[in-house]
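# Examining the three-dimensional arrangement
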Amino acid sequence: MSGMNQTPSGERVHIAFFGRRNVGKSSLANAFTGQSLAIVSDVRGTTTDPVSKSMELLPLGPVVVTDTPGIDDEGGLGALRVRKTHEVLGRTDLAIVVADASAGLAGDEQALLAAIKEKGIPYILAWNKCDLLDAVPEATA
């Protein structure tokens, strides 16, 4: 009988967190895994590379959870980070799009959601920072 740790990465369900810089992707990924998967900071662009963690998610089974850099990163280095994020999207089975409820959906997020829908990837739109609002915005994605 093989254990969870023997399950190859390619045979696991890949769950990834996507969104703009500083919307709380890393905080949510850490809460989701129950571990310090990614560094959390108020500084925009703290996550510079995709960070993955293999784990058991019951009742689903073996999964890989990935936190990604922001889809709105800027400059030459930022463009490389955005490319890495889109590479992760190519191997994602479930996308969790994290959006700042106090800011609404930006153009980058709309484009990301369109790409996710085009690829037929199931997704969850997670409104973060709701504690800063009187009411949660209605989903328009």
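About the thresholds
- Residues numbered from 1 in each chain as written.
- Predicted model: local features only at pLDDT ≥ 70, side-chain atom pairs only at ≥ 80, totals over all residues.
- Heavy atoms only, no water.
- Salt bridge = Lys/Arg side-chain N within 4 Å of Asp/Glu carboxyl O.
- Helix = DSSP H or I, 4+ residues; strand = E, 2+ residues; numbered from the N terminus.
- Core = buried A, V, L, I, M, F, W, Y, C linked by side-chain atoms within 4.5 Å.
- Buried < 20%, exposed > 50% of the residue type's maximum accessible area, 1.4 Å probe, protein only.
- Contact = heavy atoms within 4.5 Å.
- Pairing = 2+ DSSP bridges.
- Axes fitted to C-alpha atoms, helices over the stretch in contact; angles between N-to-C directions.

## Some remarks on the pattern of salt bridges
- Applying the stated criterion across every chain yields a total of seven salt bridges.
- For Asp-72, the salt bridge identified is with Arg-20, shortest N-O distance 3.4 Å. With Asp-72 in the loop between β3 (61-67) and α2 (75-89) and Arg-20 in the loop between β1 (13-19) and α1 (25-33), this residue pair connects regions lying 52 residues apart in the sequence.
- Here Glu-74 makes a salt bridge to Arg-21, at a shortest N to O gap of 3.8 Å. Separated by 53 residues along the polypeptide, Glu-74 in the loop between β3 and α2 and Arg-21 in the loop between β1 and α1 bring together distant segments of the chain.

## Regarding the nonpolar core
- If you look at the biggest cluster of nonpolar residues, it comprises 16 residues, and the most contacted ones within it are Phe-18, Leu-112 and Ile-116.
- Those residues in contact with Leu-112 that sit more than four places away from it in its chain are Phe-18, Gly-19, Ile-71, Leu-89 and Val-97.
- Counting residues in each nonpolar core, the second largest holds 11 residues, with Ile-15, Val-23, Val-65 and Ile-96 among its members.

## Points about the sheet that holds β1
- If you trace the five strands from one edge of the open sheet to the other, you get β2-β3-β1-β4-β5, paired in mixed fashion. Two strands lie at the open edges of the sheet, namely β2 (51-57) and β5 (123-128), each paired on one side alone. Taking each pair of neighbouring strands and ignoring which way they run, the sheet shows an average axis angle of 20°.
- Where β2 lies against β3, seven bridges are found, and the strand directions are antiparallel.

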